[in-house]
Amino acid sequence: MTTIFTVPDMTCGHCEKTVRGALAEALPGAAVAIDLTAQTVAVEGDAARAEEAIREAGYSPERAAG
């Protein structure tokens with residue numbers, strides 16, 4: 001299952017790298033797609049774990065309506 005988060009405080013390439021790294025650590029092998037322009041992160045797998053990983057990396061994810 002894919003969950004999409006909006007992450008309004010993810011604003012640059014460094015932010016993207018940090019979020020991607022946090023998700024890779026929390027959900028090894030999970031598919032992650034980041035759209036920096038739209039400030040969205042789509043991730044396969046455990047949504048709660050993904051959200052927690054993004055928060056622990058210092059960002060404020062919100063689950064997108066879907």
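The preceding data block contains the structure.
Residues numbered from 1 in each chain as written. Predicted model: local features only at pLDDT ≥ 70, side-chain atom pairs only at ≥ 80, totals over all residues. Heavy atoms only, no water.

Enquirer: Could you clarify how one ought to interpret the side chain of E51 in this entry?
Expert: Mapped onto the elements, E51 comes out in helix α2 (residues 47–56). On the accessibility criterion, E51 (19% relative accessible area) is buried. In this structure, E51 is in contact with F5, P61 and R63, ignoring residues within four places of it in sequence. (Helix = DSSP H or I, 4+ residues; strand = E, 2+ residues; numbered from the N terminus. Buried < 20%, exposed > 50% of the residue type's maximum accessible area, 1.4 Å probe, protein only. Contact = heavy atoms within 4.5 Å.)

Enquirer: Got a minute to help me understand the nonpolar core in this structure?
Expert: It is characteristic of soluble globular proteins that their nonpolar side chains tend to be buried jointly. Residues V7, M10, V19, L23, V41 and I54 are the most contacted members of the largest nonpolar core, which totals 16 residues. Top element by residues in this core is helix α1 (residues 13–26). It accounts for five residues. With sequence-adjacent residues up to four places away left out, I54 is seen in contact with F5, V7, V19, L23, V41, Y59 and P61. (Core = buried A, V, L, I, M, F, W, Y, C linked by side-chain atoms within 4.5 Å.)

Enquirer: Please clarify how unusual backbone geometry should be interpreted in this entry.
Expert: With glycine set apart, most residues show a phi of negative sign, and most peptide bonds adopt trans. Phi is positive for Q39, which is not a glycine, with a value near 55°. For Q39, the location among the structural elements is in the loop between β2 (32–35) and β3 (40–44). Classification of Q39 as partly exposed rests on a relative accessible area of 23%.

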